[in-house]
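# Observations on chain architecture
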Amino acid sequence: MGAHEAICSEVLKAITPGPEEREHVVSLAEALMDRLRALLEDEGIEGDVRLEGSLAKDTWLSGEADVDIFVRFKPEVPREFFRKDFLRIARKAAEGLRQVERYAEHPYLECWSDGVRINIVPCYDVRPGEWLSATDRTPYHTEFVKSRLTEELKGDVRLLKKFMKGIGAYGAELRTGGFSGYLCELLVIYYGGFLKALKGALRWRRGTLIDIAGHYEGREDEAREFFRHHLIVVDPVDPYRNVAAPVRLDKMCLFMAAAREFMLRPSRTFFFPPEPRPLGPRELVELLSSRGTSIIAIHTRTGGMVPDVLWGQVYRTLRALRGTLAREGFEVLRTSAWSDERENCVLLLEFASSILPPVVRRIGPPVWVEEHVERFLSKNMTDPGLVCGPYVEGDRWVVLIRRRWPDAKEFLVKKLSERGGRDIGVASLLARQIEEGFEVLRDGEIAKLCSGLEGFSSFLRDFLVGRPAWLAGRSA
């Protein structure tokens, strides 16, 4: 047995649920499903209660069980039923458990029992291609995967999921932009195993197409033109859906980079990254103040936005702020964001320098380009910030102009105070929260957020280090 196989065997033992855990989780699911069936029958409602997801496919990880219970209804059932009666019945079935109503395309119930998350989701019982809601595909996904997975491949799926989690590429939600559990299952099925999937990913390039069911056989270019995505994995049960659509380019490339590194230097670290040593307030202040760059944090509230809406607002805002600040002359090296997805949100921007020289040299057109020269001279000679010029240097007109905003923090405080920053690209829902209150912190000041925001300290440390744990095996 080689080093890769030995590590995979060791990891698989640790992540495969044992008999007692299986019995506990399955019993929990069956009891809740029985209650749902009884309640539906009592109310004379016809619905097919089914177990779906990783538990049904036996690809779940020990200690990380998710129970997905779906109820299939006839197409005649109105959507209004999902919003009212279904949630009422689901809440009654899960009575005594901690419950939260979630909203995707339509409402569903999320609840917890003994640390196990349970989703109770409605969908329609329709034929493939006649979808009435996004969740209608899920039962067909379950059937397809179960028909293709051997016992050995189930273990390979577990390994791939754990690998994705370990490197930070697991999860199709907007916050992560990574690989869903279903996508991991399809990759293992397509390549024939975990290690084969890693090797296969090394050959990926922009526009990579994986079509397990052969929907586009002989028409691959047509598929690429239709989906227009960097990674295309055609859903075996729906030729018009790309299962890899949520995967951002950086997460696709992160997986490729980690796969290459694992094949070169296999280690448990890819699956079980070590918990970083927490940094104290003084260490954080020193680290923030001594790195040679400047970091600005914008802290505001989330206003109860659901996570996918929140992260859509956050990423849109970061892109806009980066562009706005660049136009003011600031070089933004990196951006990132943190949220507890309940109350608080922090946007981070790292600058080469957040304070620029007060005067900027503005180079104009060559002296012989009369039309442009006239415009340049007229504009700059009336600029109240003119310091010197216009004068000729070489073959061009040049002026020295006082910057409107030499300090990025002052710029952000001013602009965010006006309409929540909408004028500099802050997304509307986030701008509404900023109007209610915000703070802008720079460098060592940011450390104070660590004491008040649970989980922010670990995020900040990872942001400052920047290097994935799985690179530790590479010599300096």
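Residue numbers here run from 1 along each chain, matching the order of that chain's written sequence. Where totals are concerned, whole chains, interfaces and linings use all residues; where local detail is concerned, this predicted model gives features only for residues with pLDDT of at least 70, and gives and counts side-chain atom pairs only at 80 or more. Working from all heavy atoms in the structure, the side-chain values ignore hydrogens and water.

## As for the environment of Val426
Heads up, the rule is: Segments assigned H or I by DSSP are reported as helices when at least four residues long, segments assigned E as strands when at least two residues long, and all are numbered from the N terminus. Exposure categories follow from relative accessible area, calculated using a 1.4 Å probe and restricted to protein chains: below 20% of the type maximum is buried, above 50% is exposed, and the middle band is partly exposed. Here, two residues are considered to be in contact whenever any of their heavy atoms come within 4.5 Å of each other.
Mapped onto the secondary structure, Val426 falls in the loop between helix 14 (408-416) and helix 15 (428-436). On the basis of relative accessibility, which here comes to 5%, the residue Val426 falls in the buried class. Each C-alpha atom, one on Val426 and one on Ala29, is 43 Å from the other, the two residues being 397 residues apart in sequence. In this view, Val426 contacts Thr317, Leu321, Leu416, Gly420, Gly421, Ala431 and Ile434; residues no more than four positions away in its chain are not counted.

## Observations regarding the nonpolar core
Where a protein is soluble and globular, its nonpolar side chains tend to be buried together. Just so we agree on the cut-off: Here, nonpolar core refers to any group of buried Ala, Val, Leu, Ile, Met, Phe, Trp, Tyr and Cys residues whose side-chain atoms link them within 4.5 Å.
Grouped together as the largest cluster of nonpolar side chains are 82 residues, with contacts concentrated most on Ile120, Phe163, Phe179, Phe194, Trp204, Phe255 and Phe262. Ignoring anything within four residues of it in the chain, the contact list for Phe262 reads His4, Ile7, Cys8, Phe163, Phe194, Leu195, Leu198, Ser267, Phe270 and Phe271. Listed in part, the 28 residues of the second largest apolar core include Met305, Trp311, Trp405 and Ile434.

## Description of the sheet that holds strand 4 (residues 107-113)
How we decide: The rule for pairing is simple: two strands pair if DSSP sees at least two bridges between them. What counts as an axis is a line fitted to C-alpha atoms, over the stretch in contact for a helix, and the angles between N-to-C directions run from 0 to 180 degrees.
One open sheet accounts for five strands, arranged 1-2-5-4-3; its pairing is mixed. Two strands lie at the open edges of the sheet, namely strand 1 (48-52) and strand 3 (98-103), each paired on one side alone. Put simply, the sheet's adjacent strands are angled 25° from each other on average, direction ignored. Relative to strand 4, strand 3 runs antiparallel, the two sharing six bridges. Following the sheet pairing, Tyr103 is matched in strand 4 by Pro107. Strands in contact with helix 2 (residues 19-42) are strand 1, strand 2 (66-73), strand 4 and strand 5 (116-124); relative to strand 2, the strand with the most contacts, it is inclined by about 25°. In the packing of helix 5 (residues 138-148) onto the sheet, contacts are made with strand 1, strand 2 and strand 5, and the angle to strand 1 comes to roughly 50°.

## Some words on the pairing of strand 11 (residues 344-351)
Within strand 11, eight of the eight residues are buried, leaving the element largely enclosed by the surrounding structure. On strand 11, burial covers both faces: Asn344, Val346, Leu348 and Glu350 on one face and Cys345, Leu347, Leu349 and Phe351 on the other are all buried. The pairing of strand 9 (residues 294-301) with strand 11 spans eight bridges and is antiparallel. Bridge assignment links Ala297 to a residue of strand 11, and that residue is Leu348. Here strand 10 (residues 332-339) pairs with strand 11 via seven bridges, running antiparallel. The residue of strand 11 that forms the bridge with Val332 is Phe351. Counted along the chain from strand 10 to the antiparallel partner strand 11, the turn is four residues long, and its residue Glu341 has a positive phi close to 60°.

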